Structure formats: C-alpha cells, structure tokens
Amino acid sequence: MTPMTTLTEHLKTQKTPESLIGLISNITATCHDIAKLLHHGPMNDILGLAGAENVQGEDQKKLDVISNDMLKESLAGSGLVRGIASEEEENCVGCSDVGEYLVLFDPLDGSSNIDINSLVGTIFSVYRADENGRVEDRNFLRPGHEQVAAGYVLYGPSVILTLTTGHGTQMYMLDQNKGIFMLYNAKVQIPKATKEFAINASNQRHWAKPMQNYIADLLAGETGPRQKNFNMRWVAAMVGDVHRILCRGGIFTYPWDKKDPNKAGKLRLMYEANPMGFLVEQAGGKAFTDTMRILDIEPEHIHQRVPVILGSADEVDICIGYHTA
Ligand code: AHG
Ligand code: MN
Ligand code: MN
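Residues numbered from 1 in each chain as written. Chains lettered and ligands numbered in written order. Predicted model: local features only at pLDDT ≥ 70, side-chain atom pairs only at ≥ 80, totals over all residues. Heavy atoms only, no water.

Only D106 (OD), D109 (OD) and E272 (OE) from the protein reach the manganese ion (ligand 2) as donors, at distances of 1.9 to 2.1 Å. For the manganese ion (ligand 2), all donor residues lie on one chain, and their spacing in sequence is D-x2-D-x162-E. For the pair the manganese ion (ligand 2) and the manganese ion (ligand 3), the metal-to-metal distance amounts to 3.7 Å, and D106 bridges them. Of this pair, D109 sits in strand β5 (residues 101-109) while E272 sits in helix α6 (residues 269-282), and the two are 163 residues apart along the sequence. Assigned by exposure class, D109 and E272 land together as buried. (Donors = N, O, S within 2.8 Å, 3.2 Å for Na, K, Ca; no water. Helix = DSSP H or I, 4+ residues; strand = E, 2+ residues; numbered from the N terminus. Buried < 20%, exposed > 50% of the residue type's maximum accessible area, 1.4 Å probe, protein only.)

The structure is reproduced here in structure tokens:
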C-alpha cells in the first residue's frame, strides 16, 4: 500500500511558506484538542449555555466560549499571528507585533447541534498582515479574494480538515492515534449540475420574491419548469452542508429574510461566507450573495452579515438568474 501523505508533506509540495505551514499546524492541533473535548462531551461538562450573549446578541454555548478561548490562546502564543478576529469576540485581539498573519474564525459553527450530538465544525480564514504594529478591526476589512488560506475542521464520525491555500481544495482525515491529518482527496471537485438543495424552508414566507420563486420551481419537480426532481437536506450547521456539497454537489443558501429586515443575512461574511466561498471556488463551484461574488465584497464591519448562495456552478447561476431577471 502506498504510504499516505501528511498535511505538512502535502503543503510542502505546494511550496507553502514555512510560516503558513506552522500556522495551519497550530490551528489544526487546536482543532484536534476541540475534537477530543467533543468526543467526551457530556463527561467534560461542556454542553448547554454559557449564560452570556455574544456581540451579535446570540446565546453563547459553553463550547462556543471554550473553543474560542482555545484557538485564541494557541494562536496568540504561536508568534506567527498579528491578530485574530472571532465571531465570539466583540473586537479583534492583538497577538504578536511581528506576526505575519491575521486569522479570523468561527470557533464552533452549528452550535445548536452540540447538545444533540450532531455535526459541528471550526471555520477559519487567513490573511497576510499588511501593516506593522498593533492591529485594529479596520486591518481585517479586506475582501475574501485576498485570503491566503481558508478551511474548516468538521467534527463528525471522522474528523475532517478541508483546506485551500489557493491551489485547489484538499480534504484530510485526522488519524486520532497519531494526531496527524492525512490527505485523502487532493483535488476536491464540485459537480457543475445538481439535484440537491439546502435551505431552512421554515423561513419560506419571509424570503424575498426571487428566492420564493426559485425554491418553488425546485419543489415543482419534473412536471415544473426545471423538469427534474430535487432532494433537500439541512444540517443546521453550514460546515456540514458545505462539506456535503464539496463531496457530491448541491446548492446551499441562507438568504436575506424579512424576519429581521435590517440584517443583510444570517451568516457572517468574515467567519463563514468568505472562507467557505474560497473553498467552494477552489473546488470549481461558485459563491455569491444575491447580486455579487462573495470574495469581491469590500467588508465594512468585522461582524457583517451577508446573504449566501453557493455550490454547484450551474445551479448557482440559475438561482442568481432569478434575482437579476
Ligand atoms: P453558528 O452556530 O456559528 O452561530 O452558525 C449557525 C449558522 C450556520 O452554521 C447554519 O447554516 C445556520 O446558522 C443554521 O440556521 P437555522 O438555525 O436557521 O437553521
Ligand atoms: Mn457559524
Ligand atoms: Mn459559531
């Protein structure tokens, strides 16, 4: 049997700078520690609410706080990071004045799944730090196409790392005994066409007309305008839905809705849409808001929210067509 390639070995074949390999190793080692905590969830007293709200007014789960602190501490101690920004932190946090990178993360995506032992993950996004000295929130406000790396670790039946450094998208599986991520898919490729969609359909009455029309046409099946039957899936953790799409195609959307009309969407640009957009594009898919490419958005705020439509390229085009018609 051919020996499997480790994460570090594969990054070296892509001529990844040593400092970025060090940074990715730091993040994935912490994710391994988070995976261990999750594995013994109820025994580690990590389930349930933390008793506080984050800056976005959402109830924090104990594990949101714990995983945030673990990532923050290990990145701050790495010497490689100028500063971090997190879904669970009000403002960015300065780390090393000479650190080469800025890291943004959603420490635990899908936190409503923790207490039911279902899929959760950690999503991260990496930029090169451009200015010397202390970081402020404004230093993080850069479009997604400037990311130098993005990925997620999915804590499922297997612990999976999906990563891009701009050379395609790769998947690695954690060898739990050795604590090493091993490459198992060197070229993730999202099929262009699909018959599967993901949306929280309970919001249907709140969507804008174009999204209502698009989903109605999918549901009409083979006797409707699309002339084929579609299947629906919803994990309630973007990390799980995007993973499925990277494995077998599909379209995922979390659109604007009038439940909370002042919010542009539910998902966060810097911690969710940008890193997932980078991974999806590197795998041949597309990632849009209802009007534009996500990676071209000039961010205005670190906690900014956006509508998200991503996945199989042809299906994203069709969905955008309903919005621009
Ligand atoms: P988070 O747990 O980081 O707050 O993110 C949850 C997000 C996303 O992962 C998922 O797609 C969506 O919220 C689920 O929303 P619903 O509760 O509407 O299903
Ligand atoms: Mn999330
Ligand atoms: Mn989260």
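A few words on the pattern of salt bridges. In the structure shown here, the tally under the stated rule is 18 salt bridges. In this structure, R268 engages E87 in a salt bridge whose closest nitrogen and oxygen atoms are separated by 3.4 Å. With R268 in strand β14 (residues 267-268) and E87 in the loop between β3 (81-86) and β4 (93-94), this residue pair connects regions lying 181 residues apart in the sequence. With relative accessibility at 5%, the residue R268 sits in the buried group. (Salt bridge = Lys/Arg side-chain N within 4 Å of Asp/Glu carboxyl O.)

Moving on, we come to the domain arrangement of the chain. As far as domains go, the chain holds domain 1 (7-185) and domain 2 (196-324). A straight line from the C-alpha centre of domain 1 to that of domain 2 covers 23 Å. Contact residues are listed per partner, giving 49 residues for domain 1 and 32 residues for domain 2. A buried area of about 2,900 Å², summed over both sides, lies between domain 1 and domain 2, and 64% of it is on carbon and sulfur atoms. When residues of domain 1 are sorted by the area they lose upon contact with domain 2, Q56, L141 and Y152 head the list and together hold 19% of the total. If you look at where domain 1 meets domain 2, you find 1 salt bridge. Across the contact surface, domain 1 and domain 2 share 13 residue pairs in polar contact (both at pLDDT 80 or more). Looking at the side of domain 1 that touches domain 2, the elements that each hand over two or more residues are β3, β5, β6 (120-128), β7 (149-155), β8 (159-164) and β9 (169-175). Element by element, the count of residues in the side of domain 1 that touches domain 2 is highest for β6, at 6 residues. Of the residues belonging to the side of domain 1 that touches domain 2, the class tally is 22 nonpolar, 19 polar and 8 charged. (Domains from an automatic or database assignment. Contact = heavy atoms within 4.5 Å. Buried area = accessible area lost by both parts, 1.4 Å probe. Polar contact = N/O pair within 3.5 Å; in protein donor to acceptor, adjacent residues only side chain to side chain. Nonpolar A, V, L, I, M, F, W, Y, C, P; charged D, E, K, R; others polar.)

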